[in-house]
Amino acid sequence: RGELLGGLSVRMPPSDPMNPTRAKLVADLAGQAGFVLRNVRLIEELRASRQRIVTAQDEERRKLERNIHDGAQQQLVALSVKLRLADAMAERDAGKTRELLGQMQTEAQEALEDLRDLARGIYPPLLADKGLVAALRSQAGKAAVPVTVRADGVGRYAQEIEAAVYFCSLEALNNVAKYAGASAAEVRLAQEDVQLSFSVHDDGTGFDPSATGYGTGLQGMADRLDAVGGTLQVDSAPGRGTTVRGRIPARVQELRS
Ligand SMILES: Nc1ncnc2c1ncn2[C@@H]1O[C@H](COP(=O)(O)OP(=O)(O)O)[C@@H](O)[C@H]1O
Ligand SMILES: [Mg+2]
């Protein structure tokens with residue numbers, strides 16, 4: 001198949017040289033060995049990609065834990081201390097108590113907003129409610145570079161597919177903002193027959209993917225797409241902008257209520 005998987009060396013004594021029958025035997029053996037080596041490599045790749053997924057999930061969990069611990073948890077602890085204070089103060093000093101209650105109201109509101117932001121980061125409600133196009137348009141509106149979102153025949157999909165397309169597109173847009181120095185970017189979504197495809201294109205500096213290699217962002221995109229049976233393709237060259245493309249086997253689902 002044109003890829004080198006390993007080498008097989010055969011030595012024959014001069015008195016008993018290679019002949020066509022033996023050559024065929026060696027070729028067959030090499031073919032069999034090739035299959036085995038190829039499978040071993042696929043299994044190793046699979047194991048590595050699972051490991052990356054697990055590592056990424058653990059990292060996310062730790063981030064969430066820290067976020068909840070430093071955020072909402074602290075705010076609620078402070079609130080409960082103040083509640084006790086207010087209770088002790090209520091009869092002695094109604095004015096101070098009211099002031100304290102006012103503060104607590106503001107702080108409860110803040111805790112609520114922090115939790116809402118946190119939940120938004122975990123799974124965007126707009127994506128859950130309105131699907132890919134609306135969620136990506138809303139994100140596009142917040143980007144530093146003007147981003148247009150074009151969609152063709154796109155509906156609602158299983159959650160893991162919508163999440164894959166959404167988070168891959170966001171990471172690609174992050175990269176545009178971080179590296180491309182682009183004047184504009186475009187996100188395209190298209191449903192063709194049994195395939196959902198997306199692309200994120202920018203007119204920025206571009207890079208040489210074979211020299212730069214995948215960082216955690218692009219590798220995470222590839223893993224995410226791989227997990228739903230999809231593929232990632234990166235087209236870029238210095239001075240010619242970048243297009244990141246993903247393809248996933250998917251059919252439009254009924255609208256979920
Ligand atoms: N849109 C882009 N324009 C220019 N360079 C890019 C773009 N996207 C990715 N790159 C390059 O590819 C590298 C790998 O990207 P990525 O895998 O997301 O890793 P990270 O963002 O963590 O560095 C980046 O460091 C950058 O050099
Ligand atoms: Mg990145």
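Just so we're clear, the structure is a prediction, and the values are computed from it rather than from any experiment.

Trainee: Would you take a moment to explain the overall build of the chain for this structure?
Mentor: The number of helices and strands found in the chain is seven helices and five strands. Helices and strands appear in the chain in the N-to-C order α-α-α-α-β-α-β-β-α-α-β-β. Over its C-alpha atoms the chain spans a radius of gyration of 28 Å, topping by over 25% the 18 Å that the globule rule assigns to 257 residues. When the backbone C-alpha atoms are referred to their principal axes, the chain occupies close to 115 × 40 × 40 Å. In the chain, buried positions account for 30% of the 257 residues. As displayed, the chain has an accessible area near 17,000 Å², and 54% of this comes from carbon and sulfur atoms.

Trainee: Could you clarify how one ought to interpret the nonpolar core in this entry?
Mentor: In summary, soluble globular proteins display a tendency toward joint burial of nonpolar side chains. Of all hydrophobic cores here, the largest spans 38 residues; its most connected members are Leu132, Leu189, Leu196 and Ile248. For this core, the secondary-structure elements that each account for two or more residues are α4 (132-140), β1 (147-152), α5 (159-180), β2 (185-192), β3 (195-202), α7 (216-227), β4 (231-236) and β5 (242-249). The biggest single contributor to this core is α5, with ten residues. Apart from the residues lying within four places of it in its own chain, the contact partners of Leu189 are Leu132, Val133, Leu136, Arg150, Ala151, Asp152, Val154, Val165, Ser197 and Phe198. Of all hydrophobic cores here, the second largest spans five residues; its members include Leu79, Ala86, Met89 and Met104.

Trainee: I keep staring at the coordination of the magnesium ion (ligand 2) and nothing clicks. Help me out?
Mentor: In an ideal tetrahedron of four donors about a metal, each angle is 109.5 degrees. In an ideal octahedron of six donors, the angles are 90 or 180 degrees. With distances of 2.1 to 2.2 Å, the protein atoms coordinating the magnesium ion (ligand 2) are Glu171 (OE) and Asn175 (OD1). In this pair, Glu171 and Asn175 both sit in helix α5, four residues apart, roughly one turn of the helix.

Trainee: Whenever I open this one, the site of ligand 1 confuses me. Can you help?
Mentor: As a structural note, the neighbourhood of ligand 1 is formed by 14 residues, with Asn175, Tyr179, Asp202, Gly215 and Leu218 the closest of them. Between Asn175 and ligand 1, the recorded distance is 2.8 Å, taken from a side-chain N or O atom to an oxygen atom. The fraction of the free accessible surface of ligand 1 (540 Å²) that becomes covered by protein chains is 82%. Taken together, the elements giving at least two residues each to the shell around ligand 1 come down to α5 and α7. The greatest single-element share of the shell around ligand 1, amounting to five residues, is contributed by α5. Of the residues in the shell around ligand 1, the class split is five nonpolar, six polar and three charged.

Trainee: Please clarify how the side chain of Thr242 should be interpreted in this entry.
Mentor: On the secondary structure map, Thr242 appears in strand β5. Among the polar contacts listed, one links the side chain of Thr242 to the side chain of Ser236, at a separation of 2.8 Å. Beyond its immediate chain neighbours, meaning those up to four positions away, Thr242 contacts Val200, His201, Asp202, Gly206, Phe207, Asp235 and Ser236.

Trainee: Can you help me understand the pattern of salt bridges in this one?
Mentor: Working definition: two side chains of opposite charge can pair if their charged atoms are close together. Tallied over the entire structure, the rule returns 13 salt bridges. Across the salt bridge formed by Glu60 and Lys63, the nearest N and O atoms sit 3.1 Å from each other. On the criterion of helical spacing, the pair formed by Glu60 and Lys63 is a turn pair, its members being three residues apart in helix α1 (residues 20-89). Relative accessible area serves as the criterion here: at 48%, Lys63 is assigned to the partly exposed category. Between Asp235 and Arg245 there is a salt bridge, with its nearest N and O atoms 2.8 Å apart.

Trainee: Could you clarify how one ought to interpret the domain arrangement of the chain in this entry?
Mentor: How big an interface is tends to be stated in terms of the accessible area lost upon association of its parts. Each domain of the chain was delimited in the assignment, giving domain 1 (1-122) and domain 2 (127-249). Between the C-alpha centres of domain 1 and domain 2 the distance comes to 20 Å. With four residues of domain 1 at the contact, the number on the domain 2 side is four residues. Each partner contributes to the roughly 310 Å² buried at the junction of domain 1 and domain 2, and carbon and sulfur atoms together form 48% of this total. In terms of surface lost to domain 2, no three residues of domain 1 exceed Ser49, Arg52 and Ile53, which account for 80% of the buried area on that side. Notably, a salt bridge pairs Asp223 with Arg52, separated by 2.7 Å at the nearest N-O pair. Scanning the region where domain 1 abuts domain 2 turns up one residue pair in polar contact (both at pLDDT 80 or more). A per-element tally of the side of domain 1 that touches domain 2 places α1 first, with three residues.

Trainee: Can you help me understand the packing of α1 against α7 in this one?
Mentor: The geometry of a pair of packed helices is captured by two quantities: the angle between their axes and the separation between those axes. The geometry of α1 relative to α7 is characterised by a closest axis approach of 10 Å and an angle of 110° between their N-to-C directions. Classified by the interaxial angle, the pair formed by α1 and α7 is roughly perpendicular. Each of Ser49, Arg52 and Ile53 in α1 lies in contact with α7, whose residues at this interface are Gln219, Asp223 and Asp226. Split by residue class, the contact of α1 with α7 holds one nonpolar, two polar and three charged.

About the cut-offs
- Residues numbered from 1 in each chain as written.
- Chains lettered and ligands numbered in written order.
- Predicted model: local features only at pLDDT ≥ 70, side-chain atom pairs only at ≥ 80, totals over all residues.
- Heavy atoms only, no water.
- Helix = DSSP H or I, 4+ residues; strand = E, 2+ residues; numbered from the N terminus.
- Rg over C-alpha atoms; globule rule 2.2 N^0.38 Å.
- Buried < 20%, exposed > 50% of the residue type's maximum accessible area, 1.4 Å probe, protein only.
- Areas by Shrake-Rupley, 256 points an atom, 1.4 Å probe, with all protein chains shown as cover.
- Core = buried A, V, L, I, M, F, W, Y, C linked by side-chain atoms within 4.5 Å.
- Contact = heavy atoms within 4.5 Å.
- Donors = N, O, S within 2.8 Å, 3.2 Å for Na, K, Ca; no water.
- Near = heavy atom within 4 Å.
- Polar contact = N/O pair within 3.5 Å; in protein donor to acceptor, adjacent residues only side chain to side chain.
- Nonpolar A, V, L, I, M, F, W, Y, C, P; charged D, E, K, R; others polar.
- Salt bridge = Lys/Arg side-chain N within 4 Å of Asp/Glu carboxyl O.
- Domains from an automatic or database assignment.
- Buried area = accessible area lost by both parts, 1.4 Å probe.
- Axes fitted to C-alpha atoms, helices over the stretch in contact; angles between N-to-C directions.
- Parallel < 35°, antiparallel > 145°, perpendicular 65-115°, else oblique.

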